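# Overview (structure and organization)
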Amino acid sequence: MIRFTQIIFLAQFFITVNSYSTCNPHRRTVDSASKFQISSISPQRCYWNTHNYPAASTAQLRQNNHGMNNNFLKNSPSKNVGSLNMSDSAKPAMNSQEKKGFFSKITSSLPPANERKKLVPLAMMFFCILFNYTILRDTKDVLMITAPKSGAEVIPFIKTYVNLPAAIGFTVIYSKLCDNMEQKNVFYSCVIPFLLFFASFALIIYPNAGALHPHAFVDKVAAILPLGFSAPLAIVRNWSYALFYVMAEMWGSVVASLLFWSFANEVTTVDEAKKYYPLFGLGANVALIFSGQYVKWVSKMRANLAPGVDAWGMSLKYLMGAVMASGGALIGIFSYMQRNVLTDPACVDVAA
């Protein structure tokens, strides 16, 4: 059973809620029986319109409200009810401030001038290196797989028995160069032989591959040895293609991984490396796009050659010509940084 005190408490609660709902000036309610509706609000009391009020008092209240609204419209500077609009003179100033804030955000996100002076050339160098590597990587696989009496089974043998010993030998040579030369001369001594080989391969070695490759000798040896030696014999048979394969592989390992990053670590600080090294990865993806489009263009160009023209030899010249142009740009940018960046105290610590 509900106690008498609980009944009194509930009655007082409902009376308090009902009195608050009827005198709250921020609430508009319509009662189905009396159709109460707020007409005007006074700081002292709430006025309600109802059909039970006399017509004269209702009209008087409406006239008062109409006069208050007219006075508000006359005194309002914006002449717009329900919205607060700024004056016309303040709008251009606000727009100029917004534009200034937008451009200031862009300029604040850019690196300082001393950092841009070395980061932009570094990004261009990385672009040139990876542009060449993408072309060389695609060309070396096609050469070895489509070579006479060769195939995809030759690739593991080249990586194990040719590429690995060449990498070890280059490590010894590189250490000797670093002991006897300056860093910039080491860069030139490593990059220029690569470019000369690729140019000579397209212009001299590949057109004379039939005379340079020992096909008759390898055929005699293959008749004696078991079939398991077919892959190593294919490497010997097409030794110039295998050499091109190794040089193309080492371009990525030597120039991209070793020479570039060692030079980048020399000219950048630790804080700059944390901020800008990830952006070099973005530049690498852009280089892949450009190189892929160039290879696609060269492939389409082969279809328009005259009959009897060596299509693969012609496309190889175009591809190696792009490699030489990009390699020349790489050397030029590196030389520019040696003259203008490494001698600037604002970019690097010259005393170090």
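Residues numbered from 1 in each chain as written. Predicted model: local features only at pLDDT ≥ 70, side-chain atom pairs only at ≥ 80, totals over all residues. Heavy atoms only, no water.

## A word on the packing of aromatic side chains
Per the stated rule, a full pass over the model turns up 30 aromatic pairs. Residues phenylalanine 126 and phenylalanine 260 carry aromatic rings whose centres are separated by 4.7 Å and whose planes lie at 20° to one another, so their mutual orientation is stacked. With a gap of 134 residues between them, phenylalanine 126 in helix H4 (residues 113-145) and phenylalanine 260 in helix H10 (residues 239-267) connect regions that are remote in the sequence. Plain terms: the ring middles of phenylalanine 194 and phenylalanine 198 are 6.4 Å apart, the flat faces sit at 35° to each other, and that makes the pair tilted. Separated by four residues within a single helix, phenylalanine 194 and phenylalanine 198 lie in helix H6 (residues 183-205), roughly one turn from each other. Assessed through its relative accessible area of 0%, phenylalanine 198 is described here as buried. Ring pairing ties together the aromatic residues Phe194, Phe197, Phe198, Phe201, Tyr206, Tyr241, Phe244 and Trp251, which thus form one cluster. (Phe/Tyr/Trp six-rings, centres within 6.5 Å; stacked < 30°, edge-to-face > 60°. Helix = DSSP H or I, 4+ residues; strand = E, 2+ residues; numbered from the N terminus. Buried < 20%, exposed > 50% of the residue type's maximum accessible area, 1.4 Å probe, protein only.)

## Side note on a nonpolar patch on the surface
Side chains of Leu279, Leu282, Val286, Ile289 and Phe290 sit close together on the surface and give an oily, nonpolar patch of about 490 Å² of accessible area. With respect to the secondary-structure elements, leucine 279 resides in helix H11 (residues 270-302). (Patch = residues over 30% accessible without salt bridge, like charges linked within 9 Å, V, L, I, M, F, W, Y side chains within 5 Å. Areas by Shrake-Rupley, 256 points an atom, 1.4 Å probe, with all protein chains shown as cover. Salt bridge = Lys/Arg side-chain N within 4 Å of Asp/Glu carboxyl O.)

## Structural notes on the pattern of salt bridges
Where charged atoms from two side chains of opposite charge approach closely, those side chains can pair. A complete count under the given rule lists seven salt bridges for this structure. Glutamate 272 is paired through a salt bridge with lysine 118; the nearest N and O atoms lie 2.8 Å apart. Placement of the pair is glutamate 272 in helix H11 and lysine 118 in helix H4, with a sequence separation of 154 residues. On the basis of relative accessibility, which here comes to 1%, the residue lysine 118 falls in the buried class. The residue aspartate 219 makes a salt bridge to arginine 237 at a minimum N-O spacing of 2.8 Å.

## Comments concerning the nonpolar core
What tends to happen in soluble globular proteins is that the nonpolar side chains get buried as a cluster. Ranked by internal contacts, the top residues of the largest apolar core, which has 74 residues, are Met125, Phe198, Trp251 and Met320. Those elements giving two or more residues to this core turn out to be H4, helix H5 (154-180), H6, helix H9 (230-237), H10, H11 and helix H12 (311-341). Among the elements that line this core, the one with the most residues is H10, at 17 residues. Here tryptophan 251 is in contact with Ile129, Asn132, Tyr133, Leu136, Val191, Phe194, Leu195, Phe198, Ala256 and Leu330, once residues within four sequence places are set aside. (Core = buried A, V, L, I, M, F, W, Y, C linked by side-chain atoms within 4.5 Å. Contact = heavy atoms within 4.5 Å.)

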